Amino acid sequence: MSSSARGRSGHVIHPDLRRTPPPVARGEGIYLYGEDGSRYLDGCSGAVAANIGHGVPEIREAMTAQAEKLAFSFRSQFTNRPSEALAERLGAALPGSLGWFFFVNSGSEATELAVKMAIQSWQERGRPEKTRVLSRTVSYHGITLGALGMSGHVGRRSRFEALLAKDATVASPYCLRCPFGLRYPECALACADDLQARIDAAGKDNVAAFIAEPLVGASGGAITPPPDYYRRIREICDANEVLFIADEVMTGMGRTGAMSAMQHYGVTPDLLVLGKGLGAGYTPIAAVVAGDELMRIIEAGSGAVLYGHTLSANPLSAAVALAVLSYIEDHGLVANAAARGEQLAARLRELQRRHPVIGDVRGLGLLQGLELVADPSLLTPFPPSEDVTGRLIRHAFAQGLMIYPAAGAVQGSGDAVLVAPPLTIRDAEVEELLRLLDAALVELDVELRARA
Ligand SMILES: Cc1ncc(COP(=O)(O)O)c(C=O)c1O
């Protein structure tokens, strides 16, 4: 290895080979501590994953207790109590008949598996030609090739475009920059109707499913569709025999102030995908959740769902996720996400009044997004070369605050960040987060003015 490629802290490949992140030592509540003693307020739950905060003793205890009994068994040879209990308890917490769980290790695996189950269910009904999966132009469903193929994320796709599917074509419900130049409600939900147009173009007999994030996270900075958007989506899917997959990897498990973000919209998907908050950062685990009807079709057909990963439904991860779910329920964290989310959103809008760089504040519960603009009245995006998202994140980090990048909604450019602290955050901690963010925005203002 050449010395220039050698990071100072070893051989781990970091996102930026020229900038090794500082070593972290421990976490407690909403804070992480570096080895040098620096304290960071985790304003984005890592990658919107550490939903119950860091260092929770109950999780450590559940982890140890299960590890002492059994860490691994393979799903075709044994079932195990923790994964059965997790499926039962989660099913009770989710809407409709969504009660059948396939556990995997990451959100990317789970979105791909959801698509495979959708396609399989059409095969079982004698409709093998239904294989296309439509998704939105601004979306992120994961980093593996199948999941990336469904994602409308220009930056993450670009190197591998030749290998990827091309069906991320449905207009996004991005009201700030409406793809049709319209305004809600006069638009009459033209973005939802675009799904119908794309189904027509593909031929409804070829379309298996439509996949969407309830709120567009990593690629859109918490783009939040209008209240009646998903009802229209559901109608269009039903009318065209297209399954609706809600990718709740980021929005699920209480993040938006409801167990499933689709509950805000009163719509139940055919398949729902969970990740991130399911293990809350304590273990790699994700899940595809299917409803009764879909499972009945597969059961009455081949009766086989053969998509396992080696570690699918392993007892250790399941026991940890079960302890996370108990913690969420015992501490009323879904309600706290709703209450603290309102506080956070209101105070972010105050920040917007003082910092013209904030062009929009949007989101639900503790998934809030800030879109950053060069001109607040015209909403002009910054040139990508300015890396304004990266600048704000670095200023925040220097203040001891972590926030998450979500740039790229404006045809691959456009700047946005997510503010998504653990659902355990208290009101005084929200105020601290805002003070740090305010200071970071002041630094950004100074820097941008110096460059102008
Ligand atoms: C909505 C959504 N789906 C899927 C994924 C992929 O999950 P993972 O990174 O666990 O593979 C992500 C990750 O950010 C996500 O936000």
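Residues numbered from 1 in each chain as written. Predicted model: local features only at pLDDT ≥ 70, side-chain atom pairs only at ≥ 80, totals over all residues. Heavy atoms only, no water.

Caption draft 1: Region of interest: the sheet that holds strand S9 (residues 271-274). Taken in spatial order, the seven strands make up an open sheet running S4-S10-S9-S8-S7-S5-S6, and their pairing is mixed. Edge positions in the open sheet fall to strand S4 (100-104) and strand S6 (168-170), since each of these has one partner strand only. Shown here is a sheet whose adjacent strand axes are inclined to one another by a mean of 30 degrees, direction ignored. Sheet topology places S9 next to strand S10 (residues 286-290); four bridges connect them, and they run antiparallel. Considered in S10, the bridge of Leu-271 is made with Ala-290. (Pairing = 2+ DSSP bridges. Helix = DSSP H or I, 4+ residues; strand = E, 2+ residues; numbered from the N terminus. Axes fitted to C-alpha atoms, helices over the stretch in contact; angles between N-to-C directions.)

Caption draft 2: Up close: the sheet that holds strand S14 (residues 404-405). Spatially, the four strands line up as an open sheet ordered S11-S12-S15-S14, and their pairing is antiparallel. Each of the sheet's edge strands pairs with one partner strand only, and the pair in question is strand S11 (358-364) and S14. For S11 and strand S12 (residues 367-372), the ladder comprises six bridges, and the chain directions are antiparallel. Along S12, the bridge assignment pairs Asp-360 with Glu-371. Lying over the sheet, helix H13 (residues 388-399) contacts S12, S14 and strand S15 (415-419), oriented at roughly 35 degrees with respect to S15. (Contact = heavy atoms within 4.5 Å.)

Caption draft 3: Broad picture of the packing of helix H2 (residues 57-69) against helix H11 (residues 315-330). One way to put it is that H2 packs onto H11 with a least axis distance of 9 Å and a crossing angle of 150 degrees. Relative to H11, the element H2 lies roughly antiparallel. The crossing of H2 and H11 is right-handed. Together, Glu-58, Ile-59, Ala-62, Met-63, Gln-66 and Ala-67 of H2 and Pro-315, Leu-316, Ala-319, Val-320, Ala-323, Val-324 and Tyr-327 of H11 make up the contact between the two elements. Its residues placed into classes, the contact of H2 with H11 shows 11 nonpolar, one polar and one charged. (Parallel < 35°, antiparallel > 145°, perpendicular 65-115°, else oblique. Left-handed = near helix turned anticlockwise from the far one by under 90°. Nonpolar A, V, L, I, M, F, W, Y, C, P; charged D, E, K, R; others polar.)

Caption draft 4: Examining helix H8 (residues 229-239) more closely. Considered for burial, the residues of H8 that qualify are Tyr-229, Tyr-230, Ile-233, Arg-234, Ile-236 and Cys-237. Buried residues of H8 fall within an arc of 165 degrees about the axis and therefore sit on the same side. Glu-241 lies just past H8 and shows a positive phi near 55 degrees. (Buried < 20%, exposed > 50% of the residue type's maximum accessible area, 1.4 Å probe, protein only. Arc of directions from axis to C-beta.)

Caption draft 5: The arrangement of the site of the ligand in detail. Around the ligand, a shell composed of Ser-106, Gly-107, Ser-108, Tyr-140, His-141, Gly-142, Glu-213, Asp-247, Val-249, Met-250 and Lys-276 is seen. In this structure, Asp-247 approaches the ligand through a side-chain N or O atom, which is 2.7 Å from a nitrogen atom. Within the contact set of the ligand, an oxygen atom lies 3.0 Å away from a side-chain nitrogen or oxygen of Lys-276. Within the complex, 84% of the 390 Å² of free accessible area of the ligand lies under protein. (Near = heavy atom within 4 Å. Polar contact = N/O pair within 3.5 Å; in protein donor to acceptor, adjacent residues only side chain to side chain. Areas by Shrake-Rupley, 256 points an atom, 1.4 Å probe, with all protein chains shown as cover.)

Caption draft 6: Structural detail: the confidence of the model for the chain. Overall, the predicted model of the chain reaches an average pLDDT of 96, with 98% of residues at or above 70. Every residue in residues 1-7 is under pLDDT 50, and counting partners more than four places away or in other chains gives four contacts. (pLDDT = per-residue confidence, 0-100.)

Caption draft 7: The arrangement of the pattern of salt bridges in detail. Using the criterion set out here, one finds 24 salt bridges in the structure. Residue Asp-167 is joined to Arg-132 by a salt bridge in which the shortest nitrogen-to-oxygen separation is 2.7 Å. On the criterion of sequence distance, the pair formed by Asp-167 in the loop between helix H6 (154-157) and S6 and Arg-132 in strand S5 (residues 132-136) is long-range, its members being 35 residues apart. With relative accessibility at 33%, the residue Arg-132 sits in the partly exposed group. (Salt bridge = Lys/Arg side-chain N within 4 Å of Asp/Glu carboxyl O.)

Caption draft 8: Highlighting unusual backbone geometry. Backbone torsion omega between Tyr-184 and Pro-185 reads 5 degrees, so that peptide bond is classified as cis. The phi dihedral of Leu-189 is positive, around 60 degrees, even though this residue is not glycine. Looking at where Leu-189 falls in the secondary structure, it is placed in the loop between S6 and helix H7 (190-202). Judged by its relative accessible area of 3%, Leu-189 falls in the buried class. In this structure, Lys-276 takes a positive phi of about 25 degrees despite not being glycine. Residue placement: Lys-276 occurs in the loop between S9 and S10. A residue is classified by how much of its surface remains accessible, and Lys-276, at 26% relative accessible area, is partly exposed.

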